Amino acid sequence: MSEQVERGRGRGDVDGYEKHGGFPVYRAAEDDGGPDFGRLIEAMRVLQDAAVSVSAPADVVRQAAEQAEALAALLEPHRVPEGQQPGGRSMGLPGRGSLLMLPWTVDKFDATGVRSTGVFRRFHMGGNGAAHGGTLPLLFDDLFGMITHAYGRPISRTAYLHVNYRKITPIDTPLVIEGQVDRVDGRKTFITAKLMDAEGTVLADGEALMLVLLPGQP
Ligand SMILES: CCCCCCCCCCCC(=O)SCCNC(=O)CCNC(=O)[C@H](O)C(C)(C)COP(=O)(O)OP(=O)(O)OC[C@H]1O[C@@H](n2cnc3c(N)ncnc32)[C@H](O)[C@@H]1OP(=O)(O)O
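None of these values were measured; they are calculated from a predicted model.

Read from one edge to the other, the open sheet built from 6 strands follows the order β1-β2-β6-β7-β8-β5, with strand pairing classed as antiparallel. Two strands lie at the open edges of the sheet, namely β1 (105-110) and β5 (156-165), each paired on one side alone. Pairwise comparison of adjacent strand axes, ignoring direction, gives a mean angle of 15° for this sheet. Pairing analysis gives 5 bridges linking β1 to strand β2 (residues 113-118), with the strands arranged antiparallel. Residue K108 lies in a different strand from β2, and its bridge partner there is R115. Taken strand by strand, helix α4 (residues 135-150) contacts β1, β2, β5, β6 (175-185), β7 (188-197) and β8 (202-212), and its axis lies near 130° from that of β7.

Let's shift gears to α4. Its 16 residues give α4 an end-to-end C-alpha distance of 23 Å, which sits within 8% of 22 Å, the value for a rise of 1.5 Å per residue. T135, L136, L139, F140, D142, L143, F144, M146, I147, T148 and A150 are the residues of α4 that are buried. G152 sits one or two residues past α4 and shows a positive phi near 95°.

Our next topic: the site of the ligand. In the neighbourhood of the ligand, 16 residues make up the surrounding shell, with D141, T158, R187, K188 and Q217 lying closest. Contact distances for the ligand include 2.7 Å between an oxygen atom and a side-chain N or O atom of K188. Here the ligand has 1300 Å² of accessible area as a free molecule, and 49% of this is covered by the chains. Broken down by secondary-structure element, the contributors of at least two residues to the shell around the ligand are α4, β5 and β8.

Now for the pattern of salt bridges. On inspection of all chains with the given rule, the structure shows 11 salt bridges. Where D142 meets R96, a salt bridge forms, and the shortest distance between an N and an O atom there is 2.9 Å. Within this pair, whereas D142 is found in helix α4, its partner R96 is found in the loop between α3 (58-75) and β1, the two being separated by 46 residues in sequence. We classify D142 as buried; its relative accessible area is 19%. Look at R96 and you get buried, because its relative accessible area is 18%. Residues participating in the shared-partner salt-bridge network are E42, R45, D49 and R121.

Among the structural elements, L209 can be located in strand β8. L209 sits 20 residues away from T189 along the chain, and the two C-alpha atoms are 5.7 Å apart. With residues up to four places along the chain from it excluded, the contact list for L209 reads R157, T158, A159, Y160, K188, T189 and F190.

With that settled, consider the side chain of H124. Here H124 shows up in the loop between β2 and β3 (125-127). Of note is the side chain of H124, whose polar atom sits 2.8 Å from the backbone nitrogen of R121. Those residues in contact with H124 that lie beyond four places of it in its chain are L102, P103, A131, H132 and T135.

Turning our attention to the packing of aromatic side chains. Under the defined criterion, the tally for this structure stands at 2 aromatic pairs. Both rings, one in W104 and one in F120, keep their centres 5.6 Å apart while their planes meet at 75°; by these two values the pair is edge-to-face. Pair noted here: W104 is in the loop between α3 and β1 and F120 is in the loop between β2 and β3, with a separation of 16 residues, a long-range link. Judged on exposure class, the residue W104 and its partner F120 are both buried.

In low-pLDDT segments, the atomic positions of the prediction should not be examined closely. Overall, the prediction assigns the chain a mean pLDDT of 91, with 91% of residues at 70 or greater. Ignoring residues within four places in sequence, the model shows residues 1-15, a span with pLDDT below 50, making 27 contacts including any to other chains. Of the two predicted TM-score estimates for the complex, the pTM is 0.91 and the ipTM is 0.93.

Calculation rules
Residues numbered from 1 in each chain as written. Predicted model: local features only at pLDDT ≥ 70, side-chain atom pairs only at ≥ 80, totals over all residues. Heavy atoms only, no water. Pairing = 2+ DSSP bridges. Helix = DSSP H or I, 4+ residues; strand = E, 2+ residues; numbered from the N terminus. Axes fitted to C-alpha atoms, helices over the stretch in contact; angles between N-to-C directions. Contact = heavy atoms within 4.5 Å. Expected span 1.5 Å × (residues − 1). Buried < 20%, exposed > 50% of the residue type's maximum accessible area, 1.4 Å probe, protein only. Near = heavy atom within 4 Å. Polar contact = N/O pair within 3.5 Å; in protein donor to acceptor, adjacent residues only side chain to side chain. Areas by Shrake-Rupley, 256 points an atom, 1.4 Å probe, with all protein chains shown as cover. Salt bridge = Lys/Arg side-chain N within 4 Å of Asp/Glu carboxyl O. Phe/Tyr/Trp six-rings, centres within 6.5 Å; stacked < 30°, edge-to-face > 60°. pLDDT = per-residue confidence, 0-100.

Written out as structure tokens, the structure is:
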């Protein structure tokens, strides 16, 4: 571990951790949305896998569309403002219960770094069995956000994010992504991470600059 990482441990390294610029302070959902929320989100992902991979008779497609519309209508009256919904705030669920985030599971989260494991699914596919290139920066960016948070930095936004695509990233294959803070310079947090397969082969690596928000910055 570098001296800079050691010095940066904990939340005392930067004044104003609780200020978060102009960003609201979000709390984790207390009960991961209740007993069936994770089930709903996983069923939605299975549905997304199906929706992008089936070629079904017209009658089946019509029935599926009607059922999807009925499900949306069931949920519609229960919309709440950002920060109150369990989606994205359920720390015990893959991808924190978000349908946007990769449905991965965090198995290390501390000041020395964050590691997460999971698969790219069929609905993440770009072509020829490989994950779509745009889904990798999403995975990296969310990891960089968590690394920044775990390191104790105030709420920061990504100023730049660079991904090197070293090898094809296969779908439906267990993978791991791991990264850490490399260097801190005032508002700047420099982070690197690697996406690897089960044998440790690097499929992609990335680096980012996260900037601590100033008071009032959204
Ligand atoms: C509970 C679970 C939690 C889980 C938490 C999970 C959270 C997920 C977080 C995801 C994070 C995101 O995706 S955030 C969404 C994507 N990012 C954004 O939308 C950011 C949009 N950009 C901005 O809002 C702005 O550009 C800011 C706030 C980032 C910076 O604006 P600013 O405050 O005016 O900064 P500025 O003066 O320009 O720059 C400050 C210093 O940084 C340098 N700098 C700025 N940009 C760059 C750049 N691209 N490349 C190099 N250097 C740069 C400048 O040269 C300067 O250096 P010097 O002259 O001082 O040396």
